[in-house]
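Remarks on the overall topology
Given next are the chains, with one letter for each unit.
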Amino acid sequence: MQPEADLHTHSTASDGTLSPTELVRLAADVGLRCMALTDHDTTAGLAEALAAGKEFGVEVIPGCELSVDFKPGVMHILGLWIAPDSPHLNSVLLELRQSRHERNLRILQKLAEFGISIHYDELQAMVRDEKSSVGRPHIARAMMRLGIVPDVATAFRDYLGAGKKAYVPKTKLDPKKAVETLKADGATVVLAHPYSLSLSWEQTEQVLGELQSYGLDGLEAHYSLHSPDRTGQYLALAARLGLLVSGGSDFHGSVKPDISLGTGCSNLAISYELVAAMKKYRQANGLPISFSSM
Ligand code: AMP
Ligand code: FE
Ligand code: FE
Ligand code: ZN
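Notes on the structure follow. (Residues numbered from 1 in each chain as written. Chains lettered and ligands numbered in written order. Predicted model: local features only at pLDDT ≥ 70, side-chain atom pairs only at ≥ 80, totals over all residues. Heavy atoms only, no water.)

Quick look at the coordination of the iron ion (ligand 3)
- For the iron ion (ligand 3), every protein donor is listed as Glu65 (OE), His76 (ND1) and His193 (NE2), and the spread of their distances is 2.1 to 2.2 Å.
- Considered as a linear motif, the donors of the iron ion (ligand 3) on their single chain read E-x10-H-x116-H.
- Between the iron ion (ligand 3) and the iron ion (ligand 2), the interatomic distance is 5.9 Å. You can see histidine 76 sitting in strand β4 (residues 75-80) and its partner histidine 193 sitting in the loop between β5 (188-191) and α8 (201-214), a full 117 residues away along the chain. The same class applies to histidine 76 as to histidine 193, namely buried. (Donors = N, O, S within 2.8 Å, 3.2 Å for Na, K, Ca; no water. Helix = DSSP H or I, 4+ residues; strand = E, 2+ residues; numbered from the N terminus. Buried < 20%, exposed > 50% of the residue type's maximum accessible area, 1.4 Å probe, protein only.)

Quick notes on helix α1 (residues 20-29)
- When we look at burial in α1, the residues that qualify are Pro20, Leu23, Val24 and Ala27. Summarising the axial view, the buried residues of α1 lie within an arc of 95 degrees, below the 170-degree limit, and thus occupy one face.
- Where the residues of α1 are buried, they touch β2 (34-37), α2 (46-56) and β3 (59-68).
- Trailing α1 by a residue or two, glycine 31 shows a phi angle of about 85 degrees, which is positive. (Arc of directions from axis to C-beta. Contact = heavy atoms within 4.5 Å.)

A short note on the coordination of the iron ion (ligand 2)
- Around the iron ion (ligand 2), the protein contributes the donor atoms Asp15 (OD), His40 (NE2) and His252 (NE2), at 2.1 to 2.2 Å from the metal centre.
- The class of histidine 40 is buried, set by a relative accessible area of 9%.
- Here histidine 252 falls in the buried class, since its relative accessible area comes to 3%.

Observations regarding helix α10 (residues 272-284)
- An ideal rise of 1.5 Å per residue puts 18 Å on 13 residues; α10 measures up with 18 Å between its terminal C-alpha atoms.
- Along α10, the residues classified as buried are Tyr272, Leu274, Val275, Met278, Lys279 and Arg282. Taken down its axis, α10 places every buried residue within 150 degrees of arc, on the same side. The exposed set on the far side of α10, more than 90 degrees from its buried face, consists of Glu273, Lys280 and Ala284.
- N-cap assignment for α10: the residue whose side-chain oxygen lies 2.9 Å from the backbone N of glutamate 273 is serine 271. (Expected span 1.5 Å × (residues − 1). Polar contact = N/O pair within 3.5 Å; in protein donor to acceptor, adjacent residues only side chain to side chain.)

Details of the pattern of salt bridges
- Following the criterion strictly, the structure yields ten salt bridges and no others.
- The shortest N-O distance in the salt bridge between aspartate 217 and lysine 183 comes to 2.8 Å. A residue pair is termed long-range when its members are at least 10 positions apart, and aspartate 217 in the loop between α8 and β6 (218-223) and lysine 183 in helix α7 (residues 175-184) qualify at 34 residues.
- For aspartate 217, a relative accessible area of 4% gives the class buried.
- On the accessibility criterion, lysine 183 (32% relative accessible area) is partly exposed.
- In the salt-bridge network here, residues are joined through shared partners; they are Glu48, Arg128 and Asp129. (Salt bridge = Lys/Arg side-chain N within 4 Å of Asp/Glu carboxyl O.)

Side note on the site of ligand 1
- Of all residues adjacent to ligand 1, which total 13 residues, the nearest are His40, Arg103, Arg136, Lys170 and His252.
- Here histidine 40 contributes a side-chain N or O atom positioned 2.9 Å from an oxygen atom of ligand 1.
- Within the complex, 79% of the 500 Å² of free accessible area of ligand 1 lies under protein.
- Of all the elements in the fold, those that place two or more residues in the shell around ligand 1 are α3 (87-113), α5 (136-145) and α6 (152-160).
- If you tally residues by element for the shell around ligand 1, the top one is α6, at three residues.
- In the shell around ligand 1, the residues fall into four nonpolar, three polar and six charged. (Near = heavy atom within 4 Å. Areas by Shrake-Rupley, 256 points an atom, 1.4 Å probe, with all protein chains shown as cover. Nonpolar A, V, L, I, M, F, W, Y, C, P; charged D, E, K, R; others polar.)

See the structure below:
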């Protein structure tokens, strides 16, 4: 099957390498009917992406991705169909970006102790604007430019990854607050890449139940790094719990060179039917399904 939708992507408004316009143009080029822009901790790329969607004939869903506090693995929450005017959400996102800024400065300090000198301006120059979010992938790219590492993966493996030489933990939202903040603004809330929770199936089901009690709507069953087996298990879980099914590649451009828009690691082909089911559910709940501009 030809992929029709990709509901998890990143642009230069966070740690992707394509601008929102370039990303939407690529979506059109690879034949996608619909894509969601889900940059980390920001809505900075959404207006541009929506405008590009009109220009290139792609349905663009405005979204974002939040990192939340969780152990033992990593929990990310996606908000889809974020309302254009979300003062509360935007104030929460601003705080997250401010704490990113402090964290990035501390990472740069640690790198300086290893004789690696990177100026913040160089990181800022990689993102779209001052409302974009800067993170470790930008630091990794600056390290590549200095010839310290051959690629982003090595920068994470040797310096930036959890517990490595220049690691500094990130301030994260409480899962309940993340879900409730997105829901309060009318978003459809989806648990991203559930494999990264690093839980057994039984524990995964338990955690999903808890998130549902806060308002979680869906599960990203289709994901670049999910095997067909795993995807099947998540689909069954979503059906059992009454969760919507979502899917996306987590495309980041050249910082994650193995992941392609739409097809992921070649195994992804998300049907528009998933989007249609989400839209039907939103309409049944009196929520808007299209935003012409932001
Ligand atoms: P940050 O938000 O600053 O903590 O950075 C996390 C981001 O780094 C994730 O969203 C990924 O895009 C990226 N990332 C994490 N681990 C790796 C890795 N091993 N290789 C490339 N990118 C990574
Ligand atoms: Fe990322
Ligand atoms: Fe993520
Ligand atoms: Zn992502």
